[in-house]
Amino acid sequence: MNTTLIIIPTYNESDNVEKIAAAVFASLSETDILFVDDTSPDGTGDILGRMASEDPRIHYMQRKEKDGLGPAYIAGFRWALEKPYSHVVQMDADLSHDPDSLPDLLAAATTHDVAVGSRYIDGIRIVNWPLSRLILSKGASTYVRLVTGIPVVDPTSGYNCFGRHVLEAMNLDDIDASGYSFLVQLKHQAWMLGFQLSEVPIIFFERRSGESKMNAAIIREAVLVVWKIAFRCRFRRSPRQACHPQSVAAGSR
Ligand SMILES: Nc1nc2c(ncn2[C@@H]2O[C@H](COP(=O)(O)OP(=O)(O)OP(=O)(O)O)[C@@H](O)[C@H]2O)c(=O)[nH]1
Ligand SMILES: [Mg+2]
């Protein structure tokens, strides 16, 4: 078993799962991958079952029904914490997150508690998005920062690496959003616990095949979740106390 686990949630990603696994291992051969599939009707699960039987680095969790990105990741985190992984990476299946950035992300996660793959640090690095999608994403990032005070340029990024000690310290039951706003809850809770977040520049590519799961309900949830996050911590805009990452890390890694 490797010490890094990459969790990839999937729903109708039959065109992409073999490509993403090959690209991940080309960039980083010593890693495990856990695919979390919500019984995709397009047969993604059958492909994942075969891939897992052929390569011991690949693991496959099948969930009963489509339940959103957040619950899929939480199930993946709980699975990871039952094993001795030191780092857990979040990655989409649609090749939007370039596996070539994995070494940079992991390097940042050795000096910081959480490494955030950032599309907006030092400029905008997004390939092939329509302007409307860019405005929505950039606007969401600004909105999150204004309301919560989280000091991250790209708080909605889905390409992140968490040290095990961070996931162990978090209350995963509080991370209850279903759509991508779950990614904000996750980073915000880590920050509020005093963990240090580092942003690593990444290039984000629009998905080349398969369909987007973004919809109006996910956007509505995101608008409300940001206020829920702020309210839960009584609008506090800084952690109550800073953790000392190296000592926390030394105790648990
Ligand atoms: N298990 C599971 N995975 C999901 C679910 N919804 C989305 N995903 C996966 O989560 C990742 C991100 O979803 P995307 O549809 O790419 O969402 P997005 O990146 O905001 O939108 P596009 O890039 O435009 O497609 C992909 O790997 C999806 O297959 C879900 O309900 N369950
Ligand atoms: Mg995507």
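Before any of the text, the structure's been laid out above.
Structure report, in brief.

Criteria and cut-off values
- Note that residues are indexed from 1 along each chain, following the sequence as it is written.
- Each chain gets a letter, beginning with A, and each ligand a number, beginning with 1, in the order they are written.
- The predicted nature of this model means local features are confined to residues of pLDDT at least 70 and side-chain atom pairs, given and counted, to a pLDDT of 80 or more, with totals for whole chains, interfaces and linings taken over all residues.
- Only hydrogens and water are removed before side-chain values are computed, so all heavy atoms of the structure are retained for them.
- If even one non-hydrogen atom of a residue comes within 4 Å of a molecule or strand, that residue is called near it.
- Accessibility throughout is a Shrake-Rupley quantity obtained with a 1.4 Å probe, and a residue counts as covered only by protein chains that appear here.
- Put plainly, a pocket is an open set of points on a 1 Å grid over the protein atoms alone with protein on both sides within 12 Å along at least five of seven lines, a cavity is a set where a 1.4 Å probe fits but cannot get out, and a lining residue has an atom within 4 Å of a point.
- Criterion for pocket placement: a molecule counts as inside a cavity or pocket if more than half of its atoms are within 2 Å of its grid points.
- Helix and strand assignments come from DSSP, with helices taken as H or I runs of at least 4 residues and strands as E runs of at least 2, each series counted from the N terminus.
- Orientation is described by lines fitted to C-alpha atoms, with helices fitted over the stretch in contact, and by angles between N-to-C directions that extend from 0 to 180 degrees.
- Oblique is the label for every angle not falling under 35 degrees (roughly parallel), over 145 degrees (roughly antiparallel), or within 65 to 115 degrees (roughly perpendicular).
- Two helices crossing with the near one rotated counterclockwise from the far one by less than a right angle form a left-handed crossing, whereas a clockwise rotation gives a right-handed crossing.
- Contacts were defined at the residue level, with two residues in contact if any of their heavy atoms lie within 4.5 Å.
- Note on residue categories: nonpolar means Ala, Val, Leu, Ile, Met, Phe, Trp, Tyr, Cys or Pro, charged means Asp, Glu, Lys or Arg, and polar means any other residue, Gly included.
- Two aromatic rings, drawn from Phe, Tyr or Trp (for Trp, its six-membered ring), form a pair once their centres lie within 6.5 Å of each other, and the interplanar angle then sorts them: stacked below 30 degrees, edge-to-face above 60, tilted otherwise.
- Relative accessible area decides the class of each residue, using a 1.4 Å probe on protein chains only: under 20% of the type maximum gives buried, over 50% gives exposed, and in between gives partly exposed.
- Whether a charge lies above a ring is judged from NZ of Lys or CZ of Arg, which has to be within 6 Å of the ring centre and within 35 degrees of the ring normal.

1. Regarding the site of ligand 1
Taken together, 20 residues form the shell around ligand 1, and within it P9, E13, K66, R133 and R207 come nearest. Across the complex, the protein chains shield 93% of the 620 Å² of accessible surface that ligand 1 would expose by itself. Given that more than half its atoms are within 2 Å of the pocket grid, ligand 1 belongs to the largest pocket. Those elements that place two or more of their residues in the shell around ligand 1 are β1 (4-10) and α3 (69-81).

2. Details of the packing of helix α5 (residues 131-148) against helix α8 (residues 216-232)
Remark: α5 packs on α8, axes separated minimally by 9 Å, with the N-to-C direction vectors making an angle of 15°. The orientation of α5 with respect to α8, classified from their angle, is roughly parallel. As α5 packs across α8, the resulting crossing turns out to be right-handed. In this structure, α5 uses L136, Y143, V144, V147 and T148 to contact α8, whose residues at the interface are I219, A222, V223, V226, W227, I229 and A230. Considered class by class, the residues forming the contact of α5 with α8 number 11 nonpolar, 1 polar and no charged.

3. Here we look at the packing of aromatic side chains
Aromatic rings in a pair are described by how distant their centres are and how their planes are angled relative to each other. Summed over all chains, the structure comprises 7 aromatic pairs. Residues W129 and F204 carry aromatic rings whose centres are separated by 5.1 Å and whose planes lie at 65° to one another, so their mutual orientation is edge-to-face. With W129 in the loop between β6 (126-127) and α5 and F204 in strand β9 (residues 204-205), this residue pair connects regions lying 75 residues apart in the sequence. Both residues of the pair, W129 and F204, belong to the buried class. An aromatic cluster of three or more residues is present, and its members are Y73, F77, F162 and F182. Above the plane of the ring of F25 lies R57, whose end atom (NZ or CZ) is 3.7 Å from the centre. One cation-aromatic arrangement involves R119 over F204; the distance from NZ or CZ to the ring centre is 5.3 Å.

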